[in-house]
Amino acid sequence: MPQTLLLVKQDRLAESKLITREDPRLGPNEVRVRIDSFALTANNITYAAYGDSMSYWRFFPSGEEGWGVVPVWGFGTVVQSTHPGVAAGERLYGYWPMADSAVLQPVGLTPSRFNDGAAHRAELPGVYNQYVRTAGDSSFTPGSEDIQSLLRPLFTTSFLIDDFLADSAFFGADTVMLSSASSKTAYGTAFLLAQREGVQVVGLTSASNKAFCESLGCYSRVVTYDDFAAIAADTAGVYVDFAGDAPFRRKLHAHLPQLKYSCAVGGTHIDSLGGAKDLTGPKPVFFFAPAHGKKRFADWGPQEYQRRFGRAWTSFLARVQDSRAPWLSVHRHRGPHAAQSAYEQMFAGRADPREGQILSLA
């Protein structure tokens with residue numbers, strides 16, 4: 001059975017190509033999954049940007065030196081199984097290669113989920129190796145697959161950032177500033193922070209996205225990158241950087257001598273990624289959501305974690321899908337070449353923040 005994949009040049013992320021290769025025969029206790037649809041967001045560009053340093057290229061080896069497979073979140077259907085506990089026809093939600101199919105080795109089965117036991121994924125963060133069996137998932141709503149693919153992985157990060165900052169008493173700050181304020185992870189974070197008493201949430205964005213960010217209603221104030229000096233210099237703030245734009249980070253740090261904490265989350269401005277050399281104020285600390293999620297699983301227990309996340313997710317989903325003023329419209333791209341074009345548009349930063357991109361190579 002042939003498999004079609006979209007590969008990305010690891011040192012030139014704008015360059016991509018489609019390949020078709022023969023899928024291996026299934027071994028014992030394996031399943032072959034048709035990847036029906038997946039979301040493409042700025043988060044996936046971050047996966048590619050940190051492909052080496054954060055091991056994202058290791059999840060789905062391309063087999064070609066210098067080329068990688070960008071991981072994505074979405075839904076698939078088991079089309080072939082040699083595993084007695086997983087039947088053909090099962091629907092799964094999880095972490096996939098940007099491809100039309102994948103082979104998994106299910107282990108640790110429960111009615112609602114299992115892990116991929118592939119040897120090359122054993123040392124990688126467990127949150128990415130888990131697959132939800134939709135028939136046993138109480139939070140799954142038929143008809144919401146596109147929105148779940150687009151927002152649930154990102155909102156998990158939003159939920160954990162909000163919890164981390166609140167647990168840290170906002171490092172003594174009263175203002176949280178979010179770059180890439182039009183990104184889905186940023187406005188998910190802003191949605192949660194806006195419910196915290198005594199915290200101002202400032203969105204930082206481009207002039208072209210300012211009106212969109214203001215329309216969300218979850219930012220206390222929206223400021224363009226060019227007008228960042230409008231933020232009072234004596235602001236006691238926390239900077240949450242979703243953009244990874246080193247020159248802007250340097251300017252903002254220099255402008256805010258009372259900055260309490262600098263949190264690096266993502267990297268959507270690929271050409272501007274950089275470190276903390278010659279940076280005024282606190283050194284940026286990378287926020288790795290799976291690590292904080294693991295801590296909260298230990299603190300609260302899995303059931304309490306799921307209860308808290310589920311309550312926040314349900315509230316966010318209701319706001320995003322509010323028919324009176326929806327935050328997101330879904331655009332679908334079917335076929336390998338359409339998926340490749342959508343990737344190129346996303347990488348170039350030409351995606352409309354009001355749109356969610358759902359792709360399928362199948």
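Predicted model only: the values in this text are computed from it and were never measured.

**Considering the overall build of the protein chain**
Secondary structure assignment for the protein chain yields 8 helices and 18 strands. Rg of the C-alpha trace for the protein chain: 20 Å, near the compact-globule value of 21 Å for 362 residues, within the 12% margin. Each of the three principal axes of the protein chain carries a C-alpha extent, and together these read 65 × 40 × 40 Å. Here the protein chain, with 362 residues, has 55% of them falling under the buried criterion.

**Notes on the pattern of salt bridges**
If you walk through the whole model with that rule in mind, you get 21 salt bridges. Through salt bridges that share partners, Asp-163, Asp-167, Lys-295, Arg-296 and Asp-299 make up one connected network.

**Re unusual backbone geometry**
Leaving glycine out, the prevailing phi sign among residues is negative, and the prevailing peptide bond configuration is trans. Within the chain, Ser-55 stands out as a residue other than glycine whose phi angle is a positive 65°. For Ser-55, the location among the structural elements is in the loop between helix H1 (42-49) and strand E4 (67-68). Since its relative accessible area comes to 18%, Ser-55 is described here as buried. The residue Phe-170 is not glycine, and still its phi comes out positive at about 55°. Secondary-structure assignment places Phe-170 in the loop between helix H2 (145-167) and strand E11 (175-178).

**Comments concerning the nonpolar core**
Residues Leu-165, Val-176, Leu-178, Tyr-187, Tyr-219, Val-240 and Phe-316 are the most contacted members of the largest nonpolar core, which totals 48 residues. At the level of secondary structure, the elements contributing two or more residues to this core comprise H2, E11, helix H3 (184-193), helix H4 (210-216), strand E14 (237-241), strand E15 (261-264), helix H6 (289-300) and helix H7 (302-320). At 9 residues, H2 tops the list of elements feeding residues into this core. Excluding residues within four positions of it along the chain, Phe-316 makes contact with Leu-151, Phe-155, Tyr-187, Gly-188, Phe-191 and Trp-327.

**Let's talk about the sheet that holds E11**
Spatial strand order, E13-E12-E11-E14-E15-E16: 6 strands in an open sheet with parallel pairing. A strand with exactly one partner marks an edge of an open sheet, and here the two such strands are strand E13 (221-224) and strand E16 (285-286). As paired strands, E11 and E14 are joined by 4 bridges and run parallel to one another. Directly across from Val-176, in E14, lies its bridge partner Val-238. Against the sheet, H3 contacts E11 and strand E12 (200-205), and its axis sits at roughly 165° relative to E11.

**Here's the deal with the packing of H2 against H6**
Where H2 meets H6, the axes come as close as 10 Å, and the angle between the chain directions of the two elements is 70°. On the basis of the axis angle, H2 is roughly perpendicular to H6. For H2 against H6, the interelement crossing comes out left-handed. Together, Thr-157, Phe-159, Leu-160, Asp-163, Phe-164 and Asp-167 of H2 and Ala-289, His-292, Gly-293, Lys-295, Arg-296 and Trp-300 of H6 make up the contact between the two elements.

**Quick look at the packing of aromatic side chains**
Counted by the stated rule, this structure contains 39 aromatic pairs. Centroid distance Phe-164 to Tyr-261: 6.0 Å. Interplanar angle 55°. Geometry classified as tilted. Here Phe-164 is found in helix H2, whereas its partner Tyr-261 is found in strand E15, with 97 residues between them in sequence. Judged by relative accessible area, Phe-164 falls into the buried class, the value being 17%. Given a relative accessible area of 12%, Tyr-261 falls into the buried group. Through a chain of ring-to-ring contacts, the aromatic side chains of Phe-155, Phe-159, Tyr-187, Phe-191, Phe-212, Phe-297, Trp-300, Tyr-305, Phe-309, Trp-313, Phe-316 and Trp-327 assemble into a single cluster. Positioned above the aromatic ring of Trp-67 is the side chain of Lys-17, whose terminal nitrogen or guanidinium carbon lies 4.4 Å from the ring centre.

**As for the state of the cysteines**
Per the counting criterion, the structure on display carries 0 disulfides. Between Cys-213, a free cysteine, and Cys-218, which holds the nearest cysteine sulfur, the sulfur-to-sulfur gap is 8.2 Å. Judged by its relative accessible area of 0%, Cys-213 is buried.

**Comments concerning the confidence of the model for the protein chain**
Residues with a pLDDT of 70 or more make up 97% of the protein chain, whose mean pLDDT is 92. Residue range residues 268-273 is modelled with pLDDT below 50. Its contacts to residues more than four positions away, or to other chains, number 23 contacts.

**Things to note about the side chain of Thr-189**
For Thr-189, the position within the fold is in helix H3. Note on Thr-189: relative accessible area 0%, which makes it buried. Within the structure, Thr-189 has its side chain in polar contact with the backbone oxygen of Thr-185 (distance 2.8 Å). Beyond its immediate stretch of four places on either side in the chain, Thr-189 contacts Ser-158, Ile-161, Leu-178 and Phe-242.

**Quick notes on the sheet that holds strand E1 (residues 2-9)**
Strand order in the open sheet formed by 3 strands is E2-E1-E4, and the pairing between neighbours is antiparallel. Pairing within the sheet leaves two strands with one partner each, and these edge strands are strand E2 (12-22) and E4. Sheet topology places E1 next to E4; 2 bridges connect them, and they run antiparallel. Within E4, the residue paired with Val-8 across the bridge is Gly-68.

**Remarks on H7**
In this model, H7 (19 residues) spans 26 Å end to end at C-alpha, consistent with the 27 Å of a helix rising 1.5 Å per residue. All of the buried residues in H7 are Tyr-305, Phe-309, Ala-312, Trp-313, Phe-316, Leu-317 and Val-320. Here the buried residues of H7 occupy an arc of 140° about the axis, which is enough to place them on one side. Of the residues in H7, the exposed ones pointing more than 90 degrees away from the buried face are Gln-303, Arg-311, Thr-314 and Ala-318.

Criteria and thresholds
- Residues numbered from 1 in each chain as written.
- Predicted model: local features only at pLDDT ≥ 70, side-chain atom pairs only at ≥ 80, totals over all residues.
- Heavy atoms only, no water.
- Helix = DSSP H or I, 4+ residues; strand = E, 2+ residues; numbered from the N terminus.
- Rg over C-alpha atoms; globule rule 2.2 N^0.38 Å.
- Buried < 20%, exposed > 50% of the residue type's maximum accessible area, 1.4 Å probe, protein only.
- Salt bridge = Lys/Arg side-chain N within 4 Å of Asp/Glu carboxyl O.
- Core = buried A, V, L, I, M, F, W, Y, C linked by side-chain atoms within 4.5 Å.
- Contact = heavy atoms within 4.5 Å.
- Pairing = 2+ DSSP bridges.
- Axes fitted to C-alpha atoms, helices over the stretch in contact; angles between N-to-C directions.
- Parallel < 35°, antiparallel > 145°, perpendicular 65-115°, else oblique.
- Left-handed = near helix turned anticlockwise from the far one by under 90°.
- Phe/Tyr/Trp six-rings, centres within 6.5 Å; stacked < 30°, edge-to-face > 60°.
- Lys NZ or Arg CZ within 6 Å of the ring centre and 35° of its normal.
- Disulfide = S-S within 2.5 Å.
- pLDDT = per-residue confidence, 0-100.
- Polar contact = N/O pair within 3.5 Å; in protein donor to acceptor, adjacent residues only side chain to side chain.
- Expected span 1.5 Å × (residues − 1).
- Arc of directions from axis to C-beta.

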